[in-house]
Amino acid sequence: MSRILIVEDSPTQATLLASLLTEAGHEVLTARDGASALDIVEREPLDLVMTDIVMPGLSGFEVCHRIKSDLGRRDLPVVLLTGLSDPRDLIRGLQCGADNYITKPYDAERLVHRVEQVLASRRRQRSPGNGAVRVEFMGETFDIGAEKEQILDLLVSSYEELVRTNQVLASRTEEAEEARREAEKASRAKSEFLAMMSHELRTPLNAIGGYAQLMEDGVNGPVTEPQRKSLARIRRNQEHLLTLINDVLNFARMESGRITVQPTDVPVDALLSGAEELVRPQLESRKLEYRYEGGDGGVTVYADRERVLQIILNLLTNATKFTDEGGEIRLSWRVAGDDVVIQVRDTGIGIPAERLETIFEPFVQVEQRRDTSREGVGLGLAISRELARAMGGELTVESEPGKGSTFTLRLPRSAS
Ligand code: ADP
């Protein structure tokens, strides 16, 4: 059993340390500050002093220095408790003659082990000191009076500390990496589930549309006018639902990395001049003007034809959805350097400045639109932008609320 003095200004810390060391079989005395610690050192037989560094009054370094020089007790081991936030603490410890240190936060086992180490090394014969050594460290000069054995002990302990810190860091990095892998797996599972679900839903939906069409066509016998109207409604809703499901399917496929683009040289004018047909019914039912401004028939983009059409259809459909009756929708394109710039312009309700970027995020809609039969799920633009980027292009928007919006699709021209 050894007698240990703990110098610590925080009563909680002092109690904690005292109970750890008592449990390890030592007798413990405590001092709340440096001055009373020195008193105790003079009066009591002790085997070791453990002192905090930062304390009101005398610091731990000073307490150690005084024990070793003023009180002439080089034989009494002093262990410093340090946060080691400043690497100079290590050399200051050597300078004041400290025998070892323990870094905070400490764990019980390490602390007791370190104390045993110091006590054991004290029991060993020490080599006599052979004068102070002067060292430069971090731009300062320190005179080190500690003995070789002390210095070695301290350096070995610092090495141990470093190894331990490194292990902690390595295991944290591994944990973070594991968490990232888990999150990715969950996200993939979600996308795969969505893709599978929407795919399965499409089959019965197509059947509903098909049979409604057959009845409308009178294949199963004559149909009355009210029945025909109802059948037409069934078909419209079926088509709408199919569009929503296709959006979810596309998005999920993209998220799980299953959408690939197959670029070829696509003539721009031939592709875009036919686009009006895609939205003819919407244009007519909403009494919208449509204009197409084409260009040189020889210009081609290096892109996936179907994907470009998908983006244009999405932009034109949005334009018809968000433009009031009598408004105008314009599709145009031009060559700009190595790119072709395609624009869909409308004279619709526009988009508030603060929403211009968020509308490209999945499931984002600015507000509930008036015409609820055309409601989407807010995936169209997210999909379109991803597709544009997958083809080496970009999709952007400019808009003025109340005046209209312009969506710009930039695609790379074919290499000539
Ligand atoms: P959806 O049309 O299915 O809601 P999108 O991703 O295509 O999803 O569009 C997201 C939102 O961006 C729309 O809900 C709408 O608020 C806004 N938006 C898109 N295009 C236009 C447009 N031409 N004019 C005004 N707002 C638009």
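Structural notes, computed from the coordinates. Keep in mind that this is a model prediction, so the values were computed, not measured.

Relative to each other, helix α5 (residues 108–123) and helix α6 (residues 148–216) sit at 160°, their axes nearing to 12 Å. As the angle between them shows, α5 and α6 are arranged roughly antiparallel. Our pair here, α5 against α6, has a crossing hand that is right-handed. Of α6, the residues touching α5 (which contributes R110, R114, Q117 and S121) are E149, D153, S157, E160, E161 and R164. Split by residue class, the contact of α5 with α6 holds no nonpolar, three polar and seven charged.

Before going further, it helps to spend a moment on the sheet that holds strand β14 (residues 404–412). If you walk across this open sheet you meet the five strands as β9-β11-β12-β14-β13, and the pairing is mixed. Edge positions in the sheet fall to β9 (289–293) and β13 (394–400), since each of these pairs with one other strand and no more. With direction set aside, neighbouring strand axes in the sheet form an average angle of 15°. Across the sheet, helix α11 (residues 380–390) touches β13 and β14, and the angle it forms with β13 is around 135°.

Let us look at the side chain of R3. Here R3 shows up in strand β1 (residues 3–7). Only 2.9 Å separates the side chain of R3 from the backbone oxygen of P45, close enough to count as a polar contact. What R3 contacts, discounting residues up to four positions off in sequence, is E27, L29, E44, P45, L46, D47 and L48.

Relative to strand β2 (residues 27–31), β1 is paired through five bridges, and the arrangement is parallel. Bridge pairing links L5 to L29 in β2. The β-α-β motif built from β1, the intervening helix α1 (residues 11–23) and the parallel element β2 has right-handed crossover chirality.

Below, the discussion takes up α11. Among the eleven residues that make up α11, eight are buried, leaving the element largely enclosed by the rest of the structure. Turning to α11, its buried residues are G380, L381, A382, I383, S384, R385, L387 and A388. As for α11, its buried residues are in contact with α7 (225–255), α10 (305–321), β13 and β14. One or two steps after α11, the chain reaches G392, where phi turns positive at roughly 80°.

The geometry of two aromatic rings is summed up by the distance between their centres and the angle between their planes. Applying the stated rule across the entire model yields two aromatic pairs. Pairing F251 with F363 gives two aromatic rings, centres 5.9 Å apart and planes at 75°, and the pair type is edge-to-face. Note that F251 is positioned in helix α7 and F363 in the loop between β12 (339–346) and α11, a separation of 112 residues in sequence. A relative accessible area of 9% means that F251 is categorised as buried. With a centroid separation of 6.4 Å and an interplanar angle of 70°, the aromatic rings of F360 and F407 are classed as edge-to-face.

Looking now at the nonpolar core. Counting residues in hydrophobic clusters, the biggest one holds 46 residues, and the most contacted among them are I312, I342 and L409. Per element, the largest residue contribution to this core is seven residues, and it comes from α10. Residues within four places of L409 in sequence aside, it is in contact with V308, I311, I312, V340, V341, I342, A388, E394 and L395. If you look at the next biggest cluster of nonpolar residues, it comprises 30 residues, including A37, V41, V63 and I67.

What counts, and at which threshold
Residues numbered from 1 in each chain as written. Predicted model: local features only at pLDDT ≥ 70, side-chain atom pairs only at ≥ 80, totals over all residues. Heavy atoms only, no water. Axes fitted to C-alpha atoms, helices over the stretch in contact; angles between N-to-C directions. Helix = DSSP H or I, 4+ residues; strand = E, 2+ residues; numbered from the N terminus. Parallel < 35°, antiparallel > 145°, perpendicular 65-115°, else oblique. Left-handed = near helix turned anticlockwise from the far one by under 90°. Contact = heavy atoms within 4.5 Å. Nonpolar A, V, L, I, M, F, W, Y, C, P; charged D, E, K, R; others polar. Pairing = 2+ DSSP bridges. Polar contact = N/O pair within 3.5 Å; in protein donor to acceptor, adjacent residues only side chain to side chain. Right-handed = clockwise from strand over helix to strand, strands pointing away. Buried < 20%, exposed > 50% of the residue type's maximum accessible area, 1.4 Å probe, protein only. Phe/Tyr/Trp six-rings, centres within 6.5 Å; stacked < 30°, edge-to-face > 60°. Core = buried A, V, L, I, M, F, W, Y, C linked by side-chain atoms within 4.5 Å.

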